[in-house]
Amino acid sequence: MLTFSELHGQNHKITELSNVFLYLIKDRSMCDTACACDVFFEYKERVKEHIELVDQKLCGKLISYPDQKIKNTADRFLSGSAEIKKIFSDYVKDWCSAKERSLTIRDHDEFVKETEEMFALVLDRIQRETEHLYPLIRKLEDGGKLAA
């Protein structure tokens, strides 16, 4: 069972980690700290888990509805997930050593710029979930507290 409260909690934690990491990396010397790396890798895992959960539990449920408009909504979210996963994967390859759990920053200004763009994509996705996906599921489930 998955509740909307749990989904909102995940969204809140991802947003919080995003805000903290973006604050930390403004100062170049903070980018090399274990604290910044821990925040980033927790963020990375939480985003991955959240997107997989939404794709499987929510979009997977919506894709089976007979209404084409509902299926299209699920398809758009699944397509967006695939795009975010690819962009995130490329970002991690460029700026991280997953094996060493460290950041590999060659150009600080470019790192900050790409990080802000990447995180904005994720935050936009969370906003679209909150404003479009969750209300649709509530409507289909007669306003219940369970999302899946």
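From a predicted model like this one, the values you see are computed outputs, not experimental measurements.

**Details of the confidence of the model for the protein chain**
Item 1. The pLDDT averaged across the protein chain works out to 92; a share of 95% of its residues lies at or above 70.
Item 2. No element of the protein chain has a lower mean pLDDT than strand S1 (residues 96-97), at 90, and none a higher one than helix H1 (residues 4-25), at 96.

**Description of the packing of helix H2 (residues 34-62) against helix H3 (residues 68-95)**
Item 1. Following both chains from N to C, one finds H2 and H3 inclined at 160°, their axes separated by 10 Å at the closest point. Comparing the axis directions of H2 and H3 gives the class roughly antiparallel. Crossing angle aside, the handedness with which H2 passes H3 is left-handed. In contact with Phe40, Tyr43, Lys44, Val47, Ile51, Glu52, Asp55, Cys59 and Leu62 of H2, H3 contributes Ile70, Lys71, Ala74, Phe77, Leu78, Ser81, Ile84, Lys85, Phe88, Tyr91 and Val92.
Item 2. The residue inventory of the contact of H2 with H3, partitioned by class, reads 14 nonpolar, 1 polar and 5 charged.

**Focus on the packing of H2 against helix H4 (residues 108-140)**
Item 1. The geometry of H2 relative to H4 is characterised by a closest axis approach of 12 Å and an angle of 30° between their N-to-C directions. With respect to each other, H2 and H4 are oriented roughly parallel. The two elements H2 and H4 meet at a crossing, and its hand is left-handed. Where H2 abuts H4, its residues Phe40, Tyr43, Val47, His50, Val54, Asp55, Leu58, Cys59, Lys61 and Leu62 lie against Phe119, Val122, Arg125, Glu129, Leu133, Tyr134, Leu136, Ile137 and Leu140.
Item 2. Class assignment for the residues of the contact of H2 with H4 results in 14 nonpolar, 1 polar and 4 charged.

**Observations regarding the packing of aromatic side chains**
Item 1. For the coordinates displayed, the defined rule picks out 12 aromatic pairs.
Item 2. Between Phe40 and Phe41, the ring centres sit 5.2 Å apart and the planes meet at 80°, which makes this aromatic pair edge-to-face.
Item 3. Here a set of aromatic residues connected by ring pairs shows up, and it is made of Phe21, Phe40, Phe41, Tyr43, Phe88, Tyr91, Trp95, Phe111 and Phe119.
Item 4. A cation over an aromatic ring shows up here: Arg106 above the ring of Trp95, its NZ or CZ 4.8 Å from the ring centre.
Item 5. In this structure, Arg138 packs its charged tip against the face of Phe4, placed 4.0 Å from the ring centre.

**Notes on the pattern of salt bridges**
Item 1. Under the criterion given, the structure shown has 12 salt bridges.
Item 2. A salt bridge links Lys26 to Glu116, with the nearest nitrogen and oxygen atoms 2.3 Å apart. Of the two residues, Lys26 is situated in the loop between H1 and H2 and Glu116 in helix H4; the sequence distance between them amounts to 90 residues.
Item 3. For Lys26, a relative accessible area of 48% gives the class partly exposed.
Item 4. With a shortest N-O distance of 2.9 Å, Glu42 and Arg46 are connected by a salt bridge. Here Arg46 and Glu42 lie together in helix H2, a separation of 4 residues that amounts to about one turn.

**So, the nonpolar core**
Item 1. Ranked by internal contacts, the top residues of the largest apolar core, which has 29 residues, are Phe21, Phe40, Phe111 and Val122.
Item 2. Of all the secondary-structure elements, those providing two or more residues to this core are H1, H2, H3 and H4.
Item 3. Per-element tally for this core: the top contributor is H2, with 8 residues.
Item 4. Not counting chain neighbours up to four residues away, the residues in contact with Val122 comprise Ile14, Tyr43, Val47, Ile84 and Phe88.

So, how was this worked out
Residues numbered from 1 in each chain as written. Predicted model: local features only at pLDDT ≥ 70, side-chain atom pairs only at ≥ 80, totals over all residues. Heavy atoms only, no water. pLDDT = per-residue confidence, 0-100. Helix = DSSP H or I, 4+ residues; strand = E, 2+ residues; numbered from the N terminus. Axes fitted to C-alpha atoms, helices over the stretch in contact; angles between N-to-C directions. Parallel < 35°, antiparallel > 145°, perpendicular 65-115°, else oblique. Left-handed = near helix turned anticlockwise from the far one by under 90°. Contact = heavy atoms within 4.5 Å. Nonpolar A, V, L, I, M, F, W, Y, C, P; charged D, E, K, R; others polar. Phe/Tyr/Trp six-rings, centres within 6.5 Å; stacked < 30°, edge-to-face > 60°. Lys NZ or Arg CZ within 6 Å of the ring centre and 35° of its normal. Salt bridge = Lys/Arg side-chain N within 4 Å of Asp/Glu carboxyl O. Buried < 20%, exposed > 50% of the residue type's maximum accessible area, 1.4 Å probe, protein only. Core = buried A, V, L, I, M, F, W, Y, C linked by side-chain atoms within 4.5 Å.

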